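Okay, here's what each chain looks like letter by letter:
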Amino acid sequence: MSFNSFGRVFRFSTWGESHGPAIGAMVDGCPPGLALSEADVQPFLDKRRPGTSKFTTQRQEPDQVRILSGVFEGKTTGTPISLMIENVDQRSKDYGDVAKAYRPGHADYAYDAKYGFRDYRGGGRSSARETASRVAAGAVARLVIPEVTILGYVSAIGGDAIDPAHFDAAEIGNNPFFCPDAKAAARWEKLVDDARLAGSSLGAVVECVATGVPAGWGAPLYAKLDAELASAMMSINAVKGVEIGDGFAAAALRGEENADPMRPGDAGAPAFLANHAGGIAGGISTGQPVRVRVAFKPTSSILIPVETVTREGQASDIITKGRHDPCVGIRGVPVVEAMMALVLADHKLLHRAQCG
Ligand SMILES: Cc1cc2nc3c(=O)[nH]c(=O)nc-3n(C[C@H](O)[C@H](O)[C@H](O)COP(=O)(O)O)c2cc1C
């Protein structure tokens, strides 16, 4: 099994490598009759695109999407939707050292151990270039769930967190960090730039909230909505932790503190007085906002020498030249949002299939 696909009813597969001619996604199971054009996809790719500030990789990729199939007269036909994005700015010579020795923290050794052979140019298939394909597929998924609004943002970089009291959703688009706290964004300018100039890198926490998810999506037990979200988020490059709702903090609470009390609400649905659960109970959405937190590790490709071994097993040091993100979590925001949309679209259709 090669595991390049995700989802059940709304299912997508991605293909391509960092330094190949193109990358892309094939979306299968999309309902027919939805209005879809490149203009519906491009804004999300533009948000993930590299080279937009000094705080991301300087690789210049226009990331222009082309829809090759599955759309006729501006509407989805119900047949596979193929989305293609050309790679135009590869610099394979930067990866000469990576061909000979493994970058600790990157996938180089693990790919060699598994396949005995790897495309080292830009990390090949293990490059986060692949995440552009997910973002494109996620844009299609959003058309399936128009009732849902998805908001992603960075809540911490290098251990420096936003102040929840300063949270302002309108700020997210005003700075290069997708940060909802203007003061934190100002601090991060120096923090990330110092790390970049030192040839180092920083980790980050991305939070994502989906509002408008009705009660009833998700399925016990082996397709719990929280399990599917955790799997989706963990499949993103460099993600090392996922929390739903209060996550690990819930383990420090008492039962009465962690409860989400209910009072009679509108239209027969309860009104919740808190949302520690992150909008999911028993693997099924409750109608509350679905909240996910995702921990991104610091970029492993850095200019500071790290001890490693060569393919022949000789001791060596490696510094990784080339163009890399000093903090991959920043561009992780649109990817997290896309995975949220993909999981929710799949579960909306699964719910409809079983419960009508
Ligand atoms: C948006 C994004 C951009 C990334 N850019 C880089 C990068 O420039 N250099 C790098 O070494 N890793 C980068 N990564 C992380 C690697 O792709 C990832 O660490 C690698 O595939 C190994 O997988 P793992 O960290 O999930 O174990 C990026 C990740 C994301 C989500």
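As the structure is a prediction and not an experimental result, all values here were calculated from the model. (Residues numbered from 1 in each chain as written. Predicted model: local features only at pLDDT ≥ 70, side-chain atom pairs only at ≥ 80, totals over all residues. Heavy atoms only, no water.)

Thoughts on the site of the ligand
Taken together, 15 residues sit near the ligand, with Ser126, Ala238, Lys297, Ser301 and His324 positioned nearest. Within the backbone of Ser126, a nitrogen or oxygen atom sits 2.7 Å from an oxygen atom of the ligand. Within the side chain of His324, an N or O atom sits 2.9 Å from a nitrogen atom of the ligand. (Near = heavy atom within 4 Å. Polar contact = N/O pair within 3.5 Å; in protein donor to acceptor, adjacent residues only side chain to side chain.)

Looking at the pattern of salt bridges
Tallying each qualifying case throughout the model produces 25 salt bridges. Linking Arg8 and Glu228 is a salt bridge whose minimum nitrogen-to-oxygen distance equals 2.7 Å. Separated by 220 residues along the polypeptide, Arg8 in the loop between β1 (5-6) and β2 (11-16) and Glu228 in helix α6 (residues 225-234) bring together distant segments of the chain. One continuous salt-bridge network, built from bridges that share partners, spans Arg48, Arg59, Glu61, Asp63 and Arg129. (Salt bridge = Lys/Arg side-chain N within 4 Å of Asp/Glu carboxyl O. Helix = DSSP H or I, 4+ residues; strand = E, 2+ residues; numbered from the N terminus.)

With respect to the packing of helix α4 (residues 131-144) against helix α8 (residues 328-355)
Two elements in contact, α4 and α8, have axes separated by 8 Å at closest approach and are oriented at 45 degrees. Considering their axes alone, α4 and α8 lie oblique with respect to each other. For the pair α4 and α8, the crossing hand works out as left-handed. Residues Thr131, Arg134, Val135, Ala137, Gly138, Ala141, Arg142 and Val144 of α4 form the contact with α8, whose participating residues are Pro334, Val335, Glu337, Ala338, Met339, Ala341, Leu342, Ala345, Lys348 and Leu349. In the contact of α4 with α8, the residues fall into twelve nonpolar, two polar and four charged. (Axes fitted to C-alpha atoms, helices over the stretch in contact; angles between N-to-C directions. Parallel < 35°, antiparallel > 145°, perpendicular 65-115°, else oblique. Left-handed = near helix turned anticlockwise from the far one by under 90°. Contact = heavy atoms within 4.5 Å. Nonpolar A, V, L, I, M, F, W, Y, C, P; charged D, E, K, R; others polar.)

Here's the deal with the sheet that holds β2
The antiparallel open sheet is built from five strands, whose spatial order is β1-β2-β3-β7-β4. A strand with exactly one partner marks an edge of an open sheet, and here the two such strands are β1 and β4 (65-69). Summarising the sheet, β4 and strand β7 (residues 81-86) pair through four bridges and their orientation is antiparallel. From the neighbouring strand, Ser69 faces β7, where its bridge partner is Ser82. (Pairing = 2+ DSSP bridges.)

Some remarks on the environment of Asp97
The topology assignment puts Asp97 in helix α2 (residues 96-100). Between the C-alpha atom of Asp97 and that of Lys321, which follows or precedes it by 224 residues, the distance is 8.5 Å. Residues within four places of Asp97 in sequence aside, it is in contact with Ile318, Ile319 and Lys321.

A few points about the nonpolar core
Ranked by internal contacts, the top residues of the largest apolar core, which has 76 residues, are Phe10, Leu83, Ile157, Leu229, Met233 and Met340. Excluding its chain neighbours within four sequence positions, the residues that come into contact with Ile157 are Phe177, Trp188, Leu191, Val192, Leu202, Gly203, Ala204, Cys327 and Ile330. (Core = buried A, V, L, I, M, F, W, Y, C linked by side-chain atoms within 4.5 Å. Buried < 20%, exposed > 50% of the residue type's maximum accessible area, 1.4 Å probe, protein only.)

What about the UniProt feature "binding site: NADP(+)" (unreviewed entry) in the chain?
What UniProt calls "binding site: NADP(+)" (unreviewed entry) maps, in this numbering, to Arg48 and Lys54. Note on placement: Arg48 falls in helix α1 (residues 38-48). Arg48 sits in the buried class, given a relative accessible area of 2%. Beyond its immediate chain neighbours, meaning those up to four positions away, Arg48 contacts Asp63, Ala128, Arg129, Thr131, Ala132, Val135, Arg331, Pro334 and Val335. Secondary-structure assignment places Lys54 in the loop between α1 and β4. On the accessibility criterion, Lys54 (44% relative accessible area) is partly exposed. Lys54 has contacts with Asp193, Arg196 and Pro326, leaving out every residue within four places of it along the chain. Engagement of the side chain of Lys54 in a polar contact is seen with the side chain of Asp193, the distance being 3.4 Å. (UniProt positions renumbered as here; feature names shortened; annotations may be inferred.)

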